[in-house]
Amino acid sequence: MRPLLAVAVAMIATSALPAQTTSDPTSFAGSADVRARIVALEKTMKPGQGFAMAPLVEAGGTSAALELWKAPGKPAVHPDEAEYATVMAGSGTLVSGGTLVAPKLRFAGLVEGDRIEGVRRGSSRSATCS
């Protein structure tokens, strides 16, 4: 399976790659910049590293971030954030809904759990892009 790459809107504190900073909330990163940042993000990953993220565009305290997934992650919830995913390449499954089992606060803004229970049929989404 090829890696799943998603663009997600989330609050981000720090990153190895600087984001484009703007005071105009309608600003965006063009497709060429997004693809270049994907390549740069992948180069920062160590062998065996399953996940990396870096902000793409920041405005007014909100960031659009690149998340690169090469391995499944732990189920997680961002209680104070909205997250939107767009698959840029590869395939994977994004589960929304259900209940996080054994939730643990990993750090401010991120709660991880052991698994998700109570997902109704059809609420899990698979996506493939090339």
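The following refers to the structure shown. Remember, predicted model here, so these are calculated numbers, not experimental data.

A few words now on the overall build of the chain. The number of helices and strands found in the chain is one helix and eleven strands. Listing each helix as α and each strand as β along the chain from the N terminus yields β-β-α-β-β-β-β-β-β-β-β-β. The burial tally for the chain puts 29% of its 130 residues in the buried class. Pairs at least 24 residues apart make up 65% of the contacts formed inside the chain by residues separated by at least 6 positions.

Below, the discussion takes up unusual backbone geometry. Although it is not a glycine, Ala-102 adopts a positive phi angle of roughly 55 degrees. The residue Ala-102 is located in the loop between β7 (99-101) and β8 (104-107) in this model. When its relative accessible area of 30% is taken as the criterion, Ala-102 is described as partly exposed.

The subject of this paragraph is the packing of aromatic side chains. Applying the stated criterion across every chain, the model contains one aromatic pair. Centre to centre, the rings of Phe-51 and Trp-69 are 4.3 Å apart; their planes meet at 50 degrees, and the pair counts as tilted. Here Phe-51 is found in strand β3 (residues 51-59), whereas its partner Trp-69 is found in strand β4 (residues 62-69), with 18 residues between them in sequence. Phe-51 sits in the partly exposed class, given a relative accessible area of 30%. Classification of Trp-69 as partly exposed rests on a relative accessible area of 24%.

Quick look at the pattern of salt bridges now. Here the structure, examined in full by the defined rule, presents four salt bridges. One salt bridge connects Lys-104 with Asp-114, and the closest N-O pair in it is separated by 3.7 Å. Separated by ten residues along the polypeptide, Lys-104 in strand β8 and Asp-114 in the loop between β9 (110-112) and β10 (115-117) bring together distant segments of the chain. Owing to a relative accessible area of 45%, Asp-114 belongs among the partly exposed residues under this scheme. One salt bridge connects Glu-117 with Arg-115, and the closest N-O pair in it is separated by 3.1 Å.

The first and last C-alpha atoms of helix α1 (residues 31-44) sit 20 Å apart over 14 residues, in line with the 20 Å expected at 1.5 Å per residue. Those residues of α1 not exposed but buried are Val-34, Arg-37, Ile-38 and Leu-41. The buried residues of α1 occupy an angular sector of 110 degrees when the element is viewed end-on, so they sit on one face. Looking at α1, the residues exposed on the side facing more than 90 degrees away from the buried face are Ala-32 and Lys-43.

The residue Gly-109 is located in the loop between β8 and β9 in this model. Given a relative accessible area of 24%, Gly-109 falls into the partly exposed group. Excluding its chain neighbours within four sequence positions, the residues that come into contact with Gly-109 are Val-77, His-78, Pro-79 and Glu-81.

Okay, a nonpolar patch on the surface next. Together, Val-95, Ile-116 and Val-119 give the surface a local cluster of nonpolar side chains, amounting to about 180 Å² of exposed area. When its relative accessible area of 33% is taken as the criterion, Val-119 is described as partly exposed.

About the cut-offs
- Residues numbered from 1 in each chain as written.
- Predicted model: local features only at pLDDT ≥ 70, side-chain atom pairs only at ≥ 80, totals over all residues.
- Heavy atoms only, no water.
- Helix = DSSP H or I, 4+ residues; strand = E, 2+ residues; numbered from the N terminus.
- Buried < 20%, exposed > 50% of the residue type's maximum accessible area, 1.4 Å probe, protein only.
- Contact = heavy atoms within 4.5 Å.
- Phe/Tyr/Trp six-rings, centres within 6.5 Å; stacked < 30°, edge-to-face > 60°.
- Salt bridge = Lys/Arg side-chain N within 4 Å of Asp/Glu carboxyl O.
- Expected span 1.5 Å × (residues − 1).
- Arc of directions from axis to C-beta.
- Patch = residues over 30% accessible without salt bridge, like charges linked within 9 Å, V, L, I, M, F, W, Y side chains within 5 Å.
- Areas by Shrake-Rupley, 256 points an atom, 1.4 Å probe, with all protein chains shown as cover.

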